[in-house]
2 protein chains.
Amino acid sequence: MSDSPHRYDETARAAVYRVIRERRDVRSFLCTPVDPETLARILQCAHAAPSVGLSQPWRFLHITRLDLRHKIHALVQQERLRTADALGHRREEFLRLKVEGILDCAELLVVALAQGGTREIFGRRSLPEMDLASVACAIQNLWLAARAEGLGVGWVSMFDPLALADLLHCPEHVRPIAILCIGNVAQFDPAPRLALEQWRQPRPLGELLFENSWPEGAQ
Amino acid sequence: MSDSPHRYDETARAAVYRVIRERRDVRSFLCTPVDPETLARILQCAHAAPSVGLSQPWRFLHITRLDLRHKIHALVQQERLRTADALGHRREEFLRLKVEGILDCAELLVVALAQGGTREIFGRRSLPEMDLASVACAIQNLWLAARAEGLGVGWVSMFDPLALADLLHCPEHVRPIAILCIGNVAQFDPAPRLALEQWRQPRPLGELLFENSWPEGAQ
């Protein structure tokens, strides 16, 4: 079996595998600033993502006003308490976890999905949620590029999207789906925080990969 | 402004930016085989993705039976015609586009979302679609790793998810969201196919990036 002539050399392949392996969902940041050119570069990586029907449904709001940052933090705190209550017997354990770094991170982005509704049906007629998938691909691109730059990124999804849309004056078709905390970090964890904190243990790939059809009883 | 000590060296950063820039959504494949170890490696990259609450909601079905591949192709053809009809005046133009390479690609994967429902509320209580976002991040990881290996990947989302779930015996909580065509290619396009084919022109990042709040009239 011959290699593809389009295959990257060993050093470049190793860098790609490394960044995928070393990317972390970060909750603790240093207060040192981020170079604006680096922020611009990783945003261009988000924008280089695939999108269903080339719809580019991602929108980025760079939050530079401190009062807005505090209001966003307050929204997340509200949802954090609602989540804690909904978790029942794991409430106290959950409240001990650090779930966001909104006030500490150097840069704050809100990423929103601009919903095309039924105007955008290319690749979405039977799977309307593909627009959200495109925005997630964009965020993953940014996340990986940030890691290569030595920057941590945390995707916070604990907020009421309607309240955040209202705060940022988003029109009805725009749904915020991520608060991204971006900044320098003291360290990158060797494994996901939720695993290190014993919240949950990840499953191996072998349990999630099947041949041809779904095996009876698989979860 | 000092660089992060966690920043990759210039060669490694360049490889990460390169793979993000050169990844393409591929529809035309060569029939040459893909090394099983390479397939396993890029699947591990998908599995290294972030997931909301460490829920790992991705499931992979490796389609190795030729009869199944033909049935999946037929499902996509059905949805392609429904999409064409729904597109109205662009129907004929749409039908001239190549929208999938299911019968040509070396390897075929179906990626499904295992919906946790209300059992999985960490980071999802107010944004239930975050499980889908996690699966999209996993696919983006696989896509980038495949590009570094010189392999093309096409994400096909033109199918009835219930019909595909039925074909693959998926239980009710499992929703197929992607048919991934993976294989060797003659070339990687310099830009997205839909732009090259004049279906649609991409917008620059500047139109999609705002400061603090949504500008009046922005789309």
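Relevant structure appears above.
Here is what the cut-offs are and how they apply
Residues numbered from 1 in each chain as written. Chains lettered and ligands numbered in written order. Predicted model: local features only at pLDDT ≥ 70, side-chain atom pairs only at ≥ 80, totals over all residues. Buried ≥ 20, exposed ≤ 12 C-beta atoms within 10 Å, placed from the backbone. Helix = DSSP H or I, 4+ residues; strand = E, 2+ residues; numbered from the N terminus. Pairing = 2+ DSSP bridges. Contact = placed C-beta atoms within 7 Å.

Participant: In this structure, what is going on with the pairing of strand E2 (residues 107–114) of chain B? I would like to understand it.
Facilitator: The two faces of the sheet receive side chains in turn, since in a regular strand these alternate between them. All names here are of chain B. Where burial is concerned, most of E2 is hidden: eight out of the eight residues are buried. Here E2 shows a buried face lined by Glu107, Leu109, Val111 and Leu113 and a second buried face lined by Leu108, Val110, Ala112 and Ala114. Sheet topology note: the strand E1 (residues 58–63)/E2 ladder contains six bridges and is antiparallel. Bridging from a neighbouring strand, histidine 62 pairs with leucine 109 of E2.

Participant: Can you help me understand the pairing of strand E4 (residues 174–183) of chain A in this one?
Facilitator: Residue and element names in this part refer to chain A. For E4, the tally of buried residues reaches ten of ten residues, placing the bulk of the element in the interior. For strand E2 (residues 107–114) and E4, the ladder comprises eight bridges, and the chain directions are antiparallel. The residue of E4 that forms the bridge with glutamate 107 is isoleucine 182. Bridging between strand E3 (residues 152–156) and E4 involves five bridges; their strand directions are antiparallel. Note that in E4 the partner of valine 153 across the bridge is isoleucine 182.

Participant: What is the right way to read the environment of Pro161(B) from this model?
Facilitator: Here Pro161(B) is to be found in helix H6 (residues 161–167). Overall, the presence of 21 C-beta atoms within 10 Å leaves Pro161(B) in the buried class. Apart from residues no more than four positions distant in its own chain, Pro161(B) is found in contact with Ser126(A), Leu127(A), Arg175(B), Pro176(B) and Ile177(B).

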